[in-house]
Structures are given as C-alpha cells and as structure tokens.
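Given next are the chains, with one letter for each unit.
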Amino acid sequence: MTRPHRSPAVALAAAIVLPLALAACGGEDSPAPSSSSATASSSTTSASSDGATTDDTGNDRTDSGSDTTPGAAGSPTGNAPDPDVTVTPTADDEQSTTARDAGIEAADAKASGTRLSIPAVGLSTSIGPQGLRGGKVNPAPGEVIWFTGYDRVRPGATGTSVIAGHVINRQGPDEFAALEQLEKGDGVVIGYPGGTKLRFEVTSTDIVDKDELTRSEEVWGDNTDSRRIVLVTCDDELGFREDGHRSANFVAVAELPS
C-alpha cells in the first residue's frame, strides 16, 4: 500500500513544525530551536566545537566535506531523493478507557517509553533519549530518539515531546522513510516497560522549511495543558540546499484523544 505524498503548505505561519530540522536527513541533523521560541534546559547537551555535521546519508563529515561523496557501493549519496517505500499497515484499534488510563499512569512515572508504533505505516521501533549531537537534533542512522533538550518532555507526559528519525541512510530507507504517508486520525502508540501503551492520534501533518521549524511555537513553545507528540524527519519536496542537505522537514503532530 502506497499513500499519497503531501504537498507543501502554502502558509507556514502557525504550522506545526519542529525545530529539529534533521539537517540532512538520512542522518541529516537539525538545527536547535531559535532562542525566540525556546530556552535551553539543563538536559540539553552543548554543541561540539569541531564543526562536524552529518551528510544526507547519516554519516559524520566535516564542513569541508561534500555531500555528493559516494558512500558504500550501491548506497545512496548526497542529494539522493526520499526513497519510495511500500507500507504494510497493521491493526490500529482505538484504546479503551482502562488501557488509556494505565498508559497515562505509565507516562507520568519515571520510566520513559521505549517503543514507538505507527500502525498505518507498519512501523514498530525502539526509541531512546538523546540531547543535541554536534549541536543538532541528530539521531544516528537507524535510530529514533526523543529529544531531551529545550524543556521537551518524555513521550506521553503533559507537554510537547519531539521524536526524530531519518528517512534515508547509506544502506537505503531509514526508520522514518514512510512517515510522510501519515494522515490525520492515524494512531501513534508509545510503549512502556511492562507492556503498557498509550495511543495518540495524528491531528496534522506539514512540510516545513527547516528555518521556519526552528521558530515553531507549536513544537518549541510552552505547553502545560496537553499531551502532545511531534514526529519529525527530513523531506525533499522543497529541494536541497547548497550543502546538499534537504531544505525541509516533514512534521506530524499527534495529540491524546479526549
């Protein structure tokens, strides 16, 4: 099953995007939020001083490197388009009140969620905490992280949680390769130690310029009223920058159903 690709939004003013413009996607890092939209928390790691960034395939390089340098044989190089992937959806059942309450209790405990499931795109993967890496929101290839900086919360807790992954790496599609196929109403499920789960529903999706993302109040502003999850990866629909990194992020916002 292949779902249609989203068209870029015309107005990005109040869009739901996040400041972790995975700088190059597939391993591309994202800039941290601008100071006008967030204040760094003590859990955020500091930027490295070696000028290292990552290329479009998720491998570290220095700023003097080139994103078009070939990777392993047969693998994508810089400026490689987002991969076309076919998804196999799994059951996306609504959550009972009892299960929901148990999930909320787990989310409010000290133990963090360890699994992310998105049935509509057939995704089930582990997640773990990570601050800035090289001054960017930048998961390693093949990993999905929830961001610990800028007062973002654990997945499922009251507040806004940012979960990031890449769309491509040198070996091919990465964990979030099919994320752009998400639609409003699709479930996003966080799994906790012991098997408890908490299901959110996608409320909006967007393709946003990475610079715009760093100033998004929806992603980086204060939120003390709702339990919100923002999923982010890179997207090639707005093209590539001069350094070979994608110009945009795909962003999906999910809220706990009332």
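Preceding this section is the structure that the text describes.
Novice: When you look at the packing of aromatic side chains in this model, what are you seeing that I'm missing?
Specialist: Think of a pair of aromatic rings as described by two things: how far the centres are apart, and how the planes are tilted against each other in angle. Per the counting criterion, the structure on display carries three aromatic pairs. Here Phe 147 and Trp 220 contribute two aromatic rings whose centre-to-centre distance is 5.9 Å and whose plane-to-plane angle is 85°, an arrangement assigned as edge-to-face. Of the two residues, Phe 147 sits in strand β8 (residues 145-147) while Trp 220 sits in helix α3 (residues 217-220), which places them 73 residues apart along the sequence. Here Phe 147 falls in the buried class, since its relative accessible area comes to 0%. When the centroid spacing of 6.1 Å and the interplanar angle of 70° are considered together, the rings of Tyr 150 and Trp 220 count as edge-to-face.

Novice: Which parts of the structure should I look at to understand the pairing of strand β5 (residues 123-126)?
Specialist: Each regular strand carries side chains that alternate between the two faces of the sheet. Burial along β5 is one-sided: Leu 123 and Thr 125 are buried, and none of Ser 124 and Ser 126, which face the opposite way, are. The pairing of strand β4 (residues 115-118) with β5 spans four bridges and is antiparallel. Looking across to β5, one finds that Ser 117 is bridged to Ser 124. Taken together, β4 and the strand that follows it, β5, pair antiparallel across an intervening segment of four residues, in which Gly 122 is found at a positive phi of about 65°.

Novice: Can you walk me through the side chain of Thr 148 in this structure?
Specialist: Tracing the backbone shows Thr 148 in the loop between β8 and β9 (159-164). Polar contacts involving the side chain of Thr 148 include one to the main-chain amide nitrogen of Gly 131, which spans 3.3 Å.

Novice: What exactly am I supposed to notice about helix α1 (residues 97-107) here?
Specialist: Residues lying three or four places apart along an α-helix face the same way, a consequence of the helix completing one turn every 3.6 residues. When we look at burial in α1, the residues that qualify are Gly 103, Ile 104, Ala 106 and Ala 107. End-on, the buried residues of α1 take up no more than an arc of 160°, which puts them together on one face. In this structure, α1 carries Thr 97, Thr 98 and Glu 105 as exposed residues pointing more than 90 degrees from its buried face. Elements that come into contact with the buried residues of α1 comprise β13 (197-209) and β14 (227-240).

Novice: Would you take a moment to explain unusual backbone geometry for this structure?
Specialist: Peptide bonds are mostly trans, and most non-glycine residues show a negative phi. Positive phi, normally seen in glycine, also occurs at Tyr 150, with a value near 55°. Mapped onto the fold, Tyr 150 is located in the loop between β8 and β9. A relative accessible area of 10% means that Tyr 150 is categorised as buried. A positive phi angle, near 60°, is found at Asp 151, a position not held by glycine. With respect to the helices and strands, the residue Asp 151 is situated in the loop between β8 and β9. Accessibility expressed as a relative area gives 48% for Asp 151, which makes it partly exposed.

Novice: Would you explain the pattern of salt bridges in this entry?
Specialist: Where charged atoms from two side chains of opposite charge approach closely, those side chains can pair. Under the defined criterion, the tally for this structure stands at eight salt bridges. The salt bridge partner of Arg 227 is Asp 108, with a shortest N-O separation of 3.0 Å. Residue Arg 227 is found in strand β14, and its partner Asp 108 is found in the loop between α1 and β4; the two are separated by 119 residues along the sequence. In this structure Arg 227 comes out as buried when scored by relative accessible area, which is 14%. Measuring nitrogen to oxygen at the nearest pair gives 3.2 Å for the salt bridge that ties Arg 241 to Asp 243. For Arg 241, a relative accessible area of 31% translates into the label partly exposed.

Definitions and cut-offs
Residues numbered from 1 in each chain as written. Predicted model: local features only at pLDDT ≥ 70, side-chain atom pairs only at ≥ 80, totals over all residues. Heavy atoms only, no water. Phe/Tyr/Trp six-rings, centres within 6.5 Å; stacked < 30°, edge-to-face > 60°. Helix = DSSP H or I, 4+ residues; strand = E, 2+ residues; numbered from the N terminus. Buried < 20%, exposed > 50% of the residue type's maximum accessible area, 1.4 Å probe, protein only. Pairing = 2+ DSSP bridges. Polar contact = N/O pair within 3.5 Å; in protein donor to acceptor, adjacent residues only side chain to side chain. Arc of directions from axis to C-beta. Contact = heavy atoms within 4.5 Å. Salt bridge = Lys/Arg side-chain N within 4 Å of Asp/Glu carboxyl O.

Remember, this is a structural readout, not a statement about activity or role.
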